[in-house]
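# Examining the three-dimensional arrangement
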Amino acid sequence: MELRHLQHFVAVAEDQHFTRAAERLLVSQSGLSASIRALERELQTPLFVRTTRRVTLTPAGRALLGEAERILAQVRSAHEAVAAVQGVLRGMLALGSEQCIAGVHVAGLLAAFRRQHPDVEISLRQAGSGALAEEVAAGRLDLAFAVRGTREESDQLRAVPLTSEPMTVLCHPSHPLAAAGVAVTPEDLGGEVFVDFHPDWGPRRTTDTVFAEAGVRRSVALEVNDVHSLLDLVDENLGVAVVPQHFRHKRPSLTALPVKGTGETVYETVALLPPPQATSPAARALMALLDS
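Model, not experiment: these values are computed from the prediction. (Residues numbered from 1 in each chain as written. Predicted model: local features only at pLDDT ≥ 70, side-chain atom pairs only at ≥ 80, totals over all residues. Heavy atoms only, no water.)

### Considering the environment of Leu65
- When you line up the elements, Leu65 lands in helix α4 (residues 59-85).
- C-alpha separation for the pair Leu65 and Ala13, spaced 52 residues apart in sequence, amounts to 7.8 Å. (Helix = DSSP H or I, 4+ residues; strand = E, 2+ residues; numbered from the N terminus.)

Next up, the structure:
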């Protein structure tokens with residue numbers, strides 16, 4: 001099995017189209033097709049279902065994709081490790097992050113990294129913590145800043161703690177909770193209309209855990225995918241939100257109330273990385289910069 005066959009396979013899987021993949025790889029379409037056929041012959045199974053409009057992965061193709069991505073990521077890391085030993089950090093840093101992550105100023109961190117390592121190409125992907133964990137485990141991201149959940153730790157993934165903070169209720173100043181001005185429990189919020197993020201985002205996962213552990217059912221009537229939309233909805237008194245404490249500084253006009261009775265449940269920011277032996281030099285350099 002040749003590396004170029006795996007590279008071609010991953011490109012076709014990503015683009016779901018032979019012509020687009022060939023253009024991106026700067027190879028002929030016939031050469032790309034021949035490469036995929038050679039890989040299918042070696043594995044003795046079709047990897048794609050081909051139609052006139054696009055191609056999709058077969059079950060065997062889906063099984064191969066994750067392994068192929070990990071192999072290619074390890075090869076890239078090997079090249080970068082040799083370059084690092086020679087005193088120059090080159091290659092690529094593929095970083096993922098949740099939005100408004102606590103304890104990490106992502107833009108400032110990347111600016112400092114670029115000043116120190118100008119020969120490294122940086123890419124950034126913003127997504128929910130669940131998706132980011134899958135991307136790092138599959139080798140598509142070198143590391144990610146996310147919120148600790150229940151799926152991070154595995155043979156392909158480790159979580160390095162960065163910071164933690166309690167959760168806070170945000171509500172409109174005219175809301176009855178604001179008038180009371182006291183700490184609230186999940187039971188106190190049982191009948192409220194909630195504004196919250198998509199279930200894949202870290203703050204939503206933390207809040208869901210808080211209510212599940214308290215045995216309180218809640219439904220999210222207003223679901224968003226960005227912080228500013230959440231704050232706008234609360235600011236219009238359309239619902240309340242349970243969010244990490246640092247969100248209160250983004251909209252001082254809202255009333256912030258502490259949440260009590262949540263035990264050890266906190267919002268914890270982590271760096272998601274592959275196992276140490278698979279961590280790229282660029283990822284190690286970024287983590288060193290974060291610790292400095």
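### Structural notes on the pattern of salt bridges
- Per the stated rule, a full pass over the model turns up 15 salt bridges.
- Note that Arg218 is salt-bridged to Asp196, the shortest N-O span being 2.7 Å. Of this pair, Arg218 sits in the loop between α8 (202-214) and β9 (220-224) while Asp196 sits in strand β8 (residues 194-197), and the two are 22 residues apart along the sequence. The exposure classification of Arg218 matches that of Asp196, with both residues buried.
- With its nearest N and O atoms 3.1 Å apart, the salt bridge here joins Asp235 to Arg251. Of this pair, Asp235 sits in helix α9 (residues 227-235) while Arg251 sits in the loop between β10 (241-244) and β11 (255-258); the two residues are 16 residues apart in sequence, bridging distant segments of the chain. (Salt bridge = Lys/Arg side-chain N within 4 Å of Asp/Glu carboxyl O. Buried < 20%, exposed > 50% of the residue type's maximum accessible area, 1.4 Å probe, protein only.)

### Considering unusual backbone geometry
- Positive phi is not limited to glycine here, since Leu26 has a value of about 60°.
- You can call Leu26 exposed: its relative accessible area is 76%.
- Positive phi, close to 60°, is recorded for Gln44, a residue that is not glycine.
- Structurally, Gln44 can be placed in the loop between α3 (29-43) and β1 (48-50).

### Section: the layout of surface pockets
- Approximately 590 Å³ is the volume attributed to the largest pocket.
- Around the largest pocket, the lining comprises 22 residues; the ones closest to its centre are Val10, Glu14, Leu72, Ala73 and Arg76.
- Partitioned by chemical class, the residues of the lining of the largest pocket number twelve nonpolar, three polar and seven charged. (1 Å grid on protein atoms, 1.4 Å probe; cavity = no way out; pocket = protein on both sides within 12 Å on 5 of 7 lines; lining within 4 Å. Points joined across faces, edges and corners; volume = space filled by probe spheres on them. Nonpolar A, V, L, I, M, F, W, Y, C, P; charged D, E, K, R; others polar.)

### Structural notes on the domain arrangement of the protein
- Partitioning the protein into structural domains gives domain 1 (1-63), domain 2 (88-162 + 267-289) and domain 3 (166-264).
- Placing the centre of domain 1 and that of domain 2 at their C-alpha centroids yields a distance of 29 Å. (Domains from an automatic or database assignment.)

### Here's the deal with the environment of Ser123
- With respect to the element layout, Ser123 can be found in strand β4 (residues 120-126).
- Linking Ser123 and Asp196, residues 73 residues apart in sequence, is a C-alpha distance of 28 Å.
- With sequence-adjacent residues up to four places away left out, Ser123 is seen in contact with Met92, Leu93, Ala94 and Leu95. (Contact = heavy atoms within 4.5 Å.)

### Digging into the sheet that holds β10
- What the three strands build is an open sheet, ordered β10-β7-β11; its pairing is antiparallel. Strands with a single pairing partner mark the edges of an open sheet, and in this sheet they are β10 and β11. Within this sheet the neighbouring strands show an average axis-to-axis angle of 40°, counted without direction.
- Across four bridges, the pairing between strand β7 (residues 167-171) and β11 is antiparallel. By the bridge assignment, Val169 is partnered in β11 with Leu257. (Pairing = 2+ DSSP bridges. Axes fitted to C-alpha atoms, helices over the stretch in contact; angles between N-to-C directions.)

### Looking at empty space enclosed by the protein
- According to the stated counting rule, one finds one cavity of 30 Å³ or more in the structure shown.
- Here the largest cavity defines a volume of roughly 30 Å³.
- Lining the largest cavity, in full, are Glu98, Gln99, Phe197, Trp201, Pro203, Val227 and Phe247.
- Classifying every residue of the lining of the largest cavity gives five nonpolar, one polar and one charged.

### What about the side chain of Glu40?
- Its place among the elements puts Glu40 in helix α3.
- The class of Glu40 is buried, set by a relative accessible area of 13%.
- A polar contact of 2.8 Å, which involves the side chain of Glu40, links it to the backbone nitrogen of Leu47.
- Those residues in contact with Glu40 that sit more than four places away from it in its chain are Thr45, Pro46, Leu47, Phe48 and Arg50. (Polar contact = N/O pair within 3.5 Å; in protein donor to acceptor, adjacent residues only side chain to side chain.)

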